[in-house]
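Secondary and tertiary structure notes
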Amino acid sequence: MRVMLIAPADGKWRKVGRRSFFNGRTFRFSLLSLLSVAAETPAGVDVSVVDEQIEDIPWDAGVDLVGITCMTALAPRAYEIAAHFRRRGIPVVLGGVHATLCPDEAGQHADAVVVGDAEGIWHRVVADACASELKKEYRNPTAPSLTNLKPVPRHLLKGDRYATVAAIQATRGCPHTCSFCSVSAFHGGRQRQRPVEDVVREAETIGSDFFIFVDDNLTADRDYARRLMEAMIPVGKKWITQSTLAVADDPGFVQLAARAGCIGLFVGLETFNGSNLESVDKTFNKVEEYKRAIRLLHDNGIGVEAGIVLGFEGDRPEVFRRTLKMLDDLHIDAVQVSILTPIPGTETYSSTWHRLRDHDWSHYDFHRVVFQPKHMTIDQLQQGHDWITHEFYRPWRIARRFVRHALRPGGSGTTKYLAAINMAYWGRIRTWGIKGKDPAAAKNAGEHVRGLTSLRRLIPRRAWPCAPLRSRGRAG
Ligand code: B12
Ligand code: SF4
């Protein structure tokens, strides 16, 4: 039996994946979703992994079963791929975040859907496919244990095409329930953990001195995280991961994480407006604490990539300029700017569905406005998102960040990582031609001109010497 597992990519990402930054490597890593499915494939079955971001799909491949993973924005592409193989009479199974959040929809495009984790269920899917007895849906009755997971077959990836394939997952899910987040919708506000010794063994044998913990919130359970950090110290490798900023409530823990090899954290700051945080149930983020927390991380040699979301209920056209200033003032090392995207299955989707203006999933990639924001036009939100993304990654800003971080304690340890991440974003912005404009600047310019117009009303006409200025005033 031959199984082909496919990670789809749309044209935009294919363009990024085929560009030769970093010696032909694309800034993408992990593919742990499909590698975990591959790991669960019964012995004796021939399994391959195809990542469309970096390679073409072998449409004519002689395989007996196709498995496709996808996030929401890639669902339409996944369905296209599924249709192709089903036309050839090859059964297709869909799994992953979107299929889990929308199993009925996915089921219309596949022979079977796996809802949730593959562990504990994929071997049955393969056996049923082998016997031509695929059922429409497979799901574990309870989330499977993460003890003794099978080793992931990273050799199935074309390793030389990625920034790194050294990615490990210690925990799945997150105990928080932020209303816009797919992770809370997928994992139901729960986190499961692998035994520390399993994780450490994988870190020791991963064959690279640097790796990524792809966990959603590695530090959520502080006792678990502390045990993991202590066990990671002797491993002596550098790594980055995701966490909330609550990690900085405990300076001792931050020091421990740094000793354990942490050189970078992706933290979802999301916004600099407390009422926005309230509106999405993320009040454990304290805007007034951001500065102290980030300085503490920096002082321990830990770089900070911030996740910022634009388009919350409290955001107005001034939000972009204010956000950029805050990012500069906080000395943020890299940022992932997203547009609030009501992902199906999340609470945000239910609360904003009446304001959805775009139902094409391929636009749900967090960089396109798909709903009517409360205090802005759709165009203002789009332009503002593009503008701040472009501004933050202007070469002079990148250079300034390098200088700043080189002067920080432990700065040199993070140089390679911060350079790679900044250059990856910069390359993507260029490839996609993102520029935008600040909606508040347009508005302020308008106000300025309107100001001149009203001033003119106060001053007698003959006192206005400059005709061009007058005509500009009229236009405004
Ligand atoms: C690591 C990661 C990345 C990495 C690597 C991605 C990769 N393909 O390897 C990078 C940084 C590149 C990335 C980028 C993006 N990401 Co991302 N990413 C993640 C993260 C944190 C972990 C994914 C992972 O490796 N999980 C570990 C595996 C083991 O778990 P799993 O994926 O759930 O897989 C299990 C099951 O779902 C199932 N399964 C999965 N697929 C399949 C397929 C079959 C056939 C079967 C049977 C089962 C099955 O079995 C697996 C084992 O149990 C997830 C969050 C999450 N928890 O999923 C976000 C997440 C998937 N990313 C997300 C987003 C939005 C993005 C970006 C669009 C961000 C952006 N604004 O640019 C980009 C898009 C990139 C692209 N090229 O398209 C969202 C997707 C939301 C959605 N519903 O669409 C998530 C859920 C984060 C979030 N909080 O919302 N991402
Ligand atoms: S803390 Fe992060 S991962 Fe956890 S639910 Fe909130 S946004 Fe999602």
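Heads up: the structure comes first, above all this text.
What comes next concerns the included structure. Everything numeric here is computed off the predicted structure, so don't read it as measured data. (Residues numbered from 1 in each chain as written. Chains lettered and ligands numbered in written order. Predicted model: local features only at pLDDT ≥ 70, side-chain atom pairs only at ≥ 80, totals over all residues.)

1. Section: the site of ligand 1
Close to ligand 1 lie 38 residues; S33, G67, T69, G95 and G96 are nearest. Tallying contributions element by element places helix α2 (residues 32-39) first for the shell around ligand 1, with four residues. In terms of residue class, the shell around ligand 1 is made up of 19 nonpolar, 14 polar and five charged. In this structure, the shell around ligand 1 is formed jointly by two domains, domain 1 (2-139) and domain 2 (166-432), each of which donates at least three residues. (Near = placed C-beta within 6 Å. Helix = DSSP H or I, 4+ residues; strand = E, 2+ residues; numbered from the N terminus. Nonpolar A, V, L, I, M, F, W, Y, C, P; charged D, E, K, R; others polar. Domains from an automatic or database assignment.)

2. Describing the site of ligand 2
The full set of residues close to ligand 2 is C174, H176, T177, C178, C181, V183, S184, D216, N217, T244, G268 and K282. Here the shell around ligand 2 is built from residues that sort into four nonpolar, six polar and two charged.

3. A closer look at helix α9 (residues 222-232)
Those residues of α9 not exposed but buried are A225, L228, M229 and M232. Buried residues of α9, viewed axially, fall in a sector of 100°; they line one side. Contacts from the buried residues of α9 go to α8 (196-205) and α10 (251-259). (Buried ≥ 20, exposed ≤ 12 C-beta atoms within 10 Å, placed from the backbone. Arc of directions from axis to C-beta. Contact = placed C-beta atoms within 7 Å.)

4. A few points about the sheet that holds strand β7 (residues 167-168)
In a beta sheet, neighbouring strands pair by backbone hydrogen bonds and run either parallel or antiparallel. Overall, parallel pairing links the six strands, which are arranged β7-β10-β11-β12-β13-β14 in an open sheet. The sheet is open, and its two edges are formed by β7 and β14 (334-339), each paired on a single side. Both strand β13 (residues 303-310) and β14 contribute to a ladder of six bridges, which runs parallel. Each bridged residue has a counterpart across the sheet, and for G307 the counterpart in β14 is Q336. (Pairing = 2+ DSSP bridges.)

5. A short note on the sheet that holds strand β4 (residues 92-95)
The strand order β2-β1-β3-β4-β5-β6 describes an open sheet built from six strands, whose pairing is parallel. The open sheet has two free edges, formed respectively by β2 (46-51) and β6 (137-139), since each of these has just one partner strand. On average, each strand axis in the sheet is inclined to that of its neighbour by 20°, with strand direction left out of account. Bridge count between β4 and strand β5 (residues 112-115): two bridges; the pairing is parallel. Across the sheet, residue V93 finds its bridge partner in β5, namely A112. Along the sheet face, helix α3 (residues 75-87) touches β1 (2-7), β3 (65-69) and β4 and points at about 165° away from the line of β4. (Axes fitted to C-alpha atoms, helices over the stretch in contact; angles between N-to-C directions.)

6. A closer look at the environment of G173
Within the element layout of this structure, G173 appears in strand β8 (residues 171-173). Residues G173 and D249, spaced 76 residues apart in sequence, show a C-alpha to C-alpha distance of 21 Å. The contacts of G173, once residues within four sequence positions are left out, are V183, H187, R190, Q191, R192 and D216.

7. Thoughts on the nonpolar core
Residues L5, I68, A78, A82 and L94 are the most contacted members of the largest nonpolar core, which totals 131 residues. Examining the composition of this core, we find that six residues originate from one element, α3, more than from any other. A domain-level breakdown of this core finds at least three residues from each of domain 1 (2-139) and domain 2 (166-432). (Core = buried A, V, L, I, M, F, W, Y, C linked by C-beta atoms within 7 Å.)

8. Focus: the environment of H367
Structurally, H367 is set in the loop between α14 (347-352) and α15 (378-392). Residue classification places H367 among the buried positions, given that 20 C-beta atoms sit within 10 Å. For the pair H367 and I332, spaced 35 residues apart in sequence, the C-alpha separation works out to 20 Å. Non-local contacts of H367, meaning those with residues more than four positions away in its chain, are made with S338, I339 and H385.

9. Focus: the packing of α9 against α10
Interhelical geometry of α9 versus α10 gives an angle of 35° and a closest axis separation of 9 Å. Relative to α10, the crossing made by α9 is left-handed. Contacts between α9 and α10 pair R222, R226 and M229 from the former with F253, L256 and A257 from the latter. (Left-handed = near helix turned anticlockwise from the far one by under 90°.)

10. Section: unusual backbone geometry
One non-glycine residue, S132, lies in positive phi territory at about 55°. The residue S132 is located in the loop between α6 (122-130) and β6 in this model. Backbone geometry places H331, a non-glycine residue, at a positive phi of 60°. As for its placement among the helices and strands, H331 is situated in the loop between α13 (319-329) and β14.

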